[in-house]
Amino acid sequence: MAQHYPLYSHEYFMAKALDLAVQAGEAGEIPVGAIVVAGGSKIIGKGSNQTEQLNDVTAHAEIIAITAATQFLGAKYLKECTLYVTLEPCVMCAGALHWSQIDRIVFGASDTKRGFSRVSPPILHPKTNVVKGILEMDCEIVLKNFFKGLRT
């Protein structure tokens, strides 16, 4: 993913999350990457799926990035922060994001089976802003190639 985007754009940060997703896929994990950005410019948390490596069904990229960010801040809330994640968060991760009170979630590919937007009532904190479809095709290609490789 050697494309260059303007610094501090949604595409720039999603490309960083996409790099983490590719690394996860190379390690045999479902290729999802996530980063938490504070104040629109500083990466304070990173994560990629580690469910296989840690033998832990809760070791999703978002959970790992949230934990890293809260440890960096020394606080449990992620106000004035944005999560960039390559795949729409699942219900579990959306619940954690709700409790973190994160300001914004930006995701690439939609998860038509397990994504948080498929459930009602809404799970996210009412003040959380959601942006979807950033580098969507790139995010989808990484996921599709990973699962295609499993079937061959």
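It should be emphasised that the depicted structure is a prediction, and the values quoted were computed from it without experimental measurement.

**Some thoughts on a nonpolar patch on the surface**
At step 1: Among the surface-exposed residues, I30, F147 and L150 lie close enough to one another that they form a single nonpolar patch of about 260 Å² accessible area.
At step 2: With respect to the secondary-structure elements, F147 resides in helix 5 (residues 136-151).
At step 3: Exposure remark for F147: the relative accessible area of 31% places this residue in the partly exposed category.

**Observations concerning the sheet that holds strand 4 (residues 104-109)**
By definition, the strands of a sheet pair up through backbone hydrogen bonds, in either a parallel or an antiparallel sense.
At step 1: Ordered by their spatial adjacency, 5 strands build an open sheet running 2-1-3-4-5, and the pairing between neighbours is mixed. In this open sheet, the two strands that pair with only one neighbour each are strand 2 (42-48) and strand 5 (129-132). This sheet shows a mean twist of 15° between the axes of neighbouring strands, independent of strand direction.
At step 2: Inspection of the sheet shows strand 1 (residues 33-38) paired to strand 3 (residues 81-87) by 5 bridges, in the antiparallel sense. Note on strand 3: the bridge partner recorded for V37 is T82.
At step 3: Sitting on the sheet, helix 3 (residues 61-73) is in contact with strand 1, strand 2 and strand 3, with an inclination near 145° to strand 2.
At step 4: This element, helix 5, spans strand 3 and strand 4 of the sheet and lies at about 60° to strand 4.

The rules behind these values
Residues numbered from 1 in each chain as written. Predicted model: local features only at pLDDT ≥ 70, side-chain atom pairs only at ≥ 80, totals over all residues. Heavy atoms only, no water. Patch = residues over 30% accessible without salt bridge, like charges linked within 9 Å, V, L, I, M, F, W, Y side chains within 5 Å. Areas by Shrake-Rupley, 256 points an atom, 1.4 Å probe, with all protein chains shown as cover. Salt bridge = Lys/Arg side-chain N within 4 Å of Asp/Glu carboxyl O. Helix = DSSP H or I, 4+ residues; strand = E, 2+ residues; numbered from the N terminus. Buried < 20%, exposed > 50% of the residue type's maximum accessible area, 1.4 Å probe, protein only. Pairing = 2+ DSSP bridges. Axes fitted to C-alpha atoms, helices over the stretch in contact; angles between N-to-C directions. Contact = heavy atoms within 4.5 Å.

Shape descriptors only; they carry no functional weight alone.
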